[in-house]
Amino acid sequence: MEALKSEVASGLPKLVYIAGYGRSGSTVLSIALGQHKEIFGCGEIITLGHHVWENNEYCSCGSPIHDCEFWRETVALWGKEESPSLVSDYGKLQDQFESLISISRMLRKTLRRESFNTYSRHTLRLLEVVSKRSSRGLVVDSSKHPGRAAALALIPGLDLYVIHLVRDGRGVAWSLLKAYQRDKRIGLQKDIEAKPVMRTAFRWATVNLATESLARRLGPRRFVRIRYEDFTRDPKECLKKIGDLIGADFGDLGDQINAGMPLEPGHQMAGNRLRMNATIELSPDVKWKSQMPGRKQALFTWLCAWLLRRYGYL
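Quantities reported herein were computed from a predicted structural model and do not represent experimental measurements.

Undergrad: Residues and numbers for the pairing of strand β3 (residues 138-144), please.
TA: In terms of burial, β3 is largely enclosed, as seven of its seven residues are buried. Side chains of β3 alternate between two faces, with L138, V140, S142 and K144 and V139, D141 and S143 buried alike. Relative to β3, strand β1 (residues 14-19) runs parallel, the two being bridged by five bridges. Counted as the bridge partner of K14 is L138 from β3. Where strand β2 (residues 39-43) lies against β3, four bridges are found, and the strand directions are parallel. Looking across to β3, one finds that F40 is bridged to V139.

Undergrad: Let's hear about the packing of aromatic side chains: which residues, and what values?
TA: The final tally for this structure, using the stated rule, is nine aromatic pairs. Measuring from ring centre to ring centre gives 5.7 Å for F116 and Y119, while their planes differ by 35°; the resulting arrangement is tilted. Here Y119 and F116 lie together in helix α7 (residues 113-134), a separation of three residues that amounts to about one turn. Its relative accessible area of 0% is what places Y119 among the buried residues. Members of the aromatic cluster, each reached through a chain of ring pairs, are W78, Y90, F97, F116 and Y119. Across the ring face of Y161, the terminal group of R222 is positioned such that the distance to the ring centre comes to 4.6 Å.

How each quantity is defined
Residues numbered from 1 in each chain as written. Predicted model: local features only at pLDDT ≥ 70, side-chain atom pairs only at ≥ 80, totals over all residues. Heavy atoms only, no water. Buried < 20%, exposed > 50% of the residue type's maximum accessible area, 1.4 Å probe, protein only. Helix = DSSP H or I, 4+ residues; strand = E, 2+ residues; numbered from the N terminus. Pairing = 2+ DSSP bridges. Phe/Tyr/Trp six-rings, centres within 6.5 Å; stacked < 30°, edge-to-face > 60°. Lys NZ or Arg CZ within 6 Å of the ring centre and 35° of its normal.

Okay, here's the thing in structure tokens:
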């Protein structure tokens, strides 16, 4: 543990973690934050050890990740003096400690101490390499999964800040009702099946409640909640809230984004297929209000009215 603390003291970046459920705008928020000269948006780091590197998936720069100069050299430096199988080994450690309910995470100080220390060391080293290669002092991980955030919060000395990104669950459910065929070049790495509203309602509530639980542990100095709808309507105000939390000035940048400045994706791994566009313009996606069948809207509302109300959607 002392070795970890000394490594942290050597100048690791702040980590800004976007938590919440899928189809809530985390990719776009990560890209917007990455427009700041001191912030680097990575995309979903959770996927690196699970499928992105193994399957040579596309970076948002347009290259397969093995051919992307940034990520190729980052992974090479990260794995220097480590096992050649570091990426897959890290994925196995993630499976141990980043699940929503993790017995290994609970036992990290006893039976799993050595494994958790290894997980922590690899995580810190990866963040350090990303920060140095990008020359940015703040790194954004838009992995969303609250289990990963819970594991990161236990790493000694990691300067972690969490953004809980919430979107009206009916909009999420409508997005997940659509099926897509695999097309790697546009960011769809596999076939995506339509998801039933009842399944989405259960998972949307579970993930958001798990993120709320994390917020209680972190406290208000490490956590802020942002609604997707507020962000697309007034990005400057939402960026100011985030800036106040992480110690970054978004004043001029917020004005530019409010005025319609296109966002450049940079080197985002995984996430929404919009990241494969050369530039992105912020716009609210509220088509569900007119296109989602009324009975499906009513079903989601009936199942999750209590949480929709808490987040100001009813």
